[in-house]
Amino acid sequence: LTVSLVTFSCKKDKEEEKIDNETTSAQDNALSQNMFDDIKKVVEEAAKDEGNTNKAGFFFGTCAAVTITPAWIDTTTWPKTMTIDFGTTNCTGNDGINRRGVLTVTLSDRYVNAGSVLTVQPQNYYINDHLIEGTKTITNNGRNSSNNLSFTVQVTNGKVTFPTGGYTTWSSTRTNEWVAGESTPGLLGLCDDVYLITGSATGVNRVGKSYSVNITSPLRKEICCRWLVSGTVDIVPSGLLTRTVNFGGGNCDNIATVTIAGNTFTFAMN
């Protein structure tokens with residue numbers, strides 16, 4: 001009996017250790033974050049452009065038809081509705097990302113004006129064959145104490161469905177501080193745009209485990225990079241230890257690390 005109990009105890013400890021080394025929540029949080037950041041990038045480009053340039057200058061190239069009602073020339077009538085339509089088949093943008101479907105955006109004012117609110121609704125919208133659902137809201141808070149524009153960015157009822165089946169859900173409230181590139185005009189200046197992101201999120205990963213997220217060091221988003229280039233978050237899956245995710249030291253790559261109880265693992269972000 002004693003031998004049996006010891007054997008059972010050792011087996012249980014190994015199973016718990018294996019479970020507590022899982023990185024699924026970290027991967028699904030990074031995936032959701034990247035997908036909804038991509039939506040923000042697309043919407044910001046179209047909103048800041050205001051119909052003034054050739055759409056080939058966008059990250060999404062000529063893949064989307066952008067329309068606005070009432071027209072941009074009408075500067076007094078708000079809100080406006082902007083439609084960014086990528087069509088029903090994948091189109092590869094200048095940034096190498098495949099998109100299809102529609103983003104419908106309601107604008108209460110110009111993107112750069114303090115107090116403006118942009119509400120984004122995806123409709124049959126796919127990024128690299130991942131179906132994206134939920135509501136994204138971008139609120140311009142005006143200038144902060146550092147004289148940088150600051151935005152509250154919320155995702156409500158976010159859901160990412162994988163091409164192979166299954167899904168993950170995600171909601172977040174974060175602050176995006178525009179720390180570089182604001183003074184560079186037009187779409188040609190987009191690549192020097194940099195945001196620092198703080199805040200929190202909650203989600204349920206692809207195997208049904210809930211988790212919470214807290215940004216512990218600001219996440220650096222360089223607009224021309226598909227992934228976050230630096231910053232750290234703490235992720236706490238229900239019933240498991242805290243995972244600390246590090247997005248790197250500034251290089252534009254898809255590699256991140258997650259540390260659990262002193263053990264560090266590397267994973268690739270989609």
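Please refer to the structure higher up on the page.
Note that this is a predicted model, so its numbers are computed, not measured. All residue numbers here refer to positions counted from 1 along the written sequence of the relevant chain. Side-chain atom pairs in this predicted model are given and counted only at pLDDT of 80 or more, local residue features only at pLDDT of at least 70, and totals for whole chains, interfaces and linings cover all residues. For the side-chain quantities, the full set of heavy atoms in the structure was used; hydrogens and water were omitted.

**Q** For this particular structure, what's the right way to read the overall build of the protein chain?
**A** If you tally the helices and strands in the protein chain, you get two helices and 14 strands. Relative accessibility under 20% of the residue-type maximum defines a buried residue, over 50% an exposed one, and the middle range a partly exposed one, all with a 1.4 Å probe and only protein chains included. When each of the 270 residues of the protein chain is scored for burial, the buried share is 44%. We call two residues in contact whenever any of their non-hydrogen atoms come within 4.5 Å of each other. Here the contacts in the protein chain between residues at least 6 apart in sequence split such that 48% fall between residues at least 24 apart. Total accessible area on the protein chain stands at roughly 12,400 Å², and carbon and sulfur atoms take up 51% of it. Secondary structure elements follow DSSP: runs of H or I of four or more residues count as helices, runs of E of two or more count as strands, with numbering from the N terminus. To be clear on the numbers: accessible area is Shrake-Rupley with a 1.4 Å probe, and residue cover counts the displayed protein chains and nothing else.

**Q** In this structure, what is going on with the state of the cysteines? I would like to understand it.
**A** Between two cysteines, a covalent bond joining their sulfur atoms is known as a disulfide. We call a pair of cysteine sulfur atoms a disulfide when they lie within 2.5 Å. Following the criterion strictly, the structure yields two disulfides and no others. What pairs with C63 in a disulfide is C91, and their sulfur atoms sit 2.0 Å apart. Measuring the twist about the S-S bond at about -70 degrees, one finds the C63-C91 disulfide to be left-handed. Residue C63 is found in the loop between α2 (24–49) and β1 (65–69), and its partner C91 is found in strand β3 (residues 91–92); the two are separated by 28 residues along the sequence.

**Q** Would you take a moment to explain α2 for this structure?
**A** Residues spaced three or four apart along an α-helix face the same direction, because each turn holds 3.6 residues. Taking 1.5 Å per residue, 26 residues should reach 38 Å; α2 reaches 38 Å between its end C-alpha atoms and fits that length. In terms of burial, α2 is largely enclosed, as 24 of its 26 residues are buried. Count one or two residues on from α2 and you reach E50, which has phi positive near 55 degrees. Here a helix's expected span is defined as the number of its residues, less one, multiplied by 1.5 Å.

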